[in-house]
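Per-entry structural report
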Amino acid sequence: LLQNARNCRSMVVLLVSPGSTLRDGLSLADVYGGPMPANPILDALVSGSERTFTQDPLLAIRLLADIALRALSPAINDPATAVQALDEIEDLLSLVASVRADSIRAVDERGDLRVVIPLPDFTSFVRTGLDDVIASASNSPLVLGRLRDLLSHVAAQSESRNRDILAKRARWIDQLSQGFPRLEPPL
């Protein structure tokens, strides 16, 4: 795509991030500068019926959140498994929290910007990994406590611009936890 954009003296700005569902009629890219045929853009995209970890940055965190949600379902009621899934979500969020990755910007050999690929932002990772779990954990003090700790740990490793996103979730958890006593760990 970079080579084709250079040859056409164009800049291609993809409108969908990796891992997004492509729907019929969806605009995939804006092209600036010289005209560029659609085929090189379409040929550069990898699509399929199943997502992979290399294609979808949100996939791993989405799968872990699904595990936590299933564990919290009334049919299974296994908060310890939800906590284990949150342990892994914390690891992934900690990695993302310290990185500023708004988009991939590819330049040609002359340094001209040719391709821009949007990436999910930190809010997308938090929303995908935590929001449904928080909503489903309202009757589980164990999971609410683990979520509170997760948010605190991730906030400590986050860029300042990400801390407000985490603080909003912490306030939400505090509201859900009002009926539960807050136990301090033993000395």
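Notes on the structure follow.

Topic: the overall build of the protein chain
- Looking only at helices and strands, the protein chain has seven helices and four strands in total.
- Its helices and strands in sequence order give the protein chain the pattern α-β-β-α-α-α-β-β-α-α-α, from N to C terminus.
- For 187 residues, the compact-globule estimate of 2.2 N^0.38 gives 16 Å, and the protein chain exceeds it by more than 25% at 21 Å.
- Per-residue burial over the protein chain gives 34% buried out of 187 residues.
- Put simply, the protein chain shows about 11200 Å² of open surface, and 52% of that area lies on carbon and sulfur atoms.

What to know about the packing of helix α4 (residues 79–97) against helix α5 (residues 122–136)
- Close contact between α4 and α5 brings their axes to 10 Å; oriented N to C, the two are set at 165 degrees. By the angle class used here, α4 and α5 are roughly antiparallel. By crossing handedness, the relation of α4 to α5 is classed as left-handed. Residues L86, I89, L93, V96 and A97 of α4 pack against F122, F125, V126, G129, L130 and V133 of α5.

A few points about unusual backbone geometry
- Unlike most non-glycine residues, R9 shows phi in positive territory, near 55 degrees.
- Relative to the assigned elements, R9 resides in the loop between α1 (2–7) and β1 (10–14).
- Even without being glycine, N77 reaches a positive phi, approximately 50 degrees.
- For N77, a relative accessible area of 58% corresponds to the exposed category.

Quick look at helix α6 (residues 141–157)
- With 17 residues, α6 should reach 24 Å at 1.5 Å per residue; the first-to-last C-alpha distance of 25 Å fits that figure.
- Where α6 is concerned, the buried positions are V143, L144, G145, R146, L147, R148, L150, L151, V154 and A155.
- Looking at the buried residues of α6, the elements they touch are α3 (59–72), α4, α5 and α7 (160–176).

Details of the pattern of salt bridges
- Summed over all chains, the structure comprises eleven salt bridges.
- Each of D108, R110, D112 and R114 takes part in a single network of salt bridges with overlapping partners.

Cut-off values and rules
Residue numbers run consecutively from 1 along every chain, following the written order of its sequence. Under the rules for a predicted model, residues below a pLDDT of 70 receive no local features and side-chain atom pairs below 80 are neither given nor counted, while totals for whole chains, interfaces and linings still include all residues. Side-chain numbers here rest on the full set of heavy atoms in the structure, without hydrogens or water. Elements are defined by DSSP. Helices are runs of H or I of four residues or more, strands are runs of E of two residues or more, and each kind is numbered from the N terminus. All radius of gyration figures rest on C-alpha atoms, and the globule criterion is 2.2 Å times the number of residues raised to 0.38. With a 1.4 Å probe rolled over the protein chains alone, any residue whose accessible area is under 20% of its type maximum counts as buried; one over 50% counts as exposed, and the rest are partly exposed. Accessibility throughout is a Shrake-Rupley quantity obtained with a 1.4 Å probe, and a residue counts as covered only by protein chains that appear here. To get an axis, a line is fitted to the C-alpha atoms, and for a helix only the part in contact is used. The angle between two axes follows their N-to-C directions and goes from 0 to 180 degrees. The scheme is simple: roughly parallel for angles under 35 degrees, roughly antiparallel for over 145, roughly perpendicular for 65 to 115, oblique for anything else. Handedness of a helix crossing follows the sense of rotation of the near helix relative to the far helix, less than a right angle counterclockwise being left-handed and clockwise being right-handed. Residue contacts are counted whenever heavy atoms from the two residues lie within 4.5 Å of one another. One fewer than the residue count of a helix, multiplied by 1.5 Å, yields its expected span. In the sections that follow, a salt bridge refers to a side-chain nitrogen of Lys or Arg positioned within 4 Å of a carboxyl oxygen of Asp or Glu.

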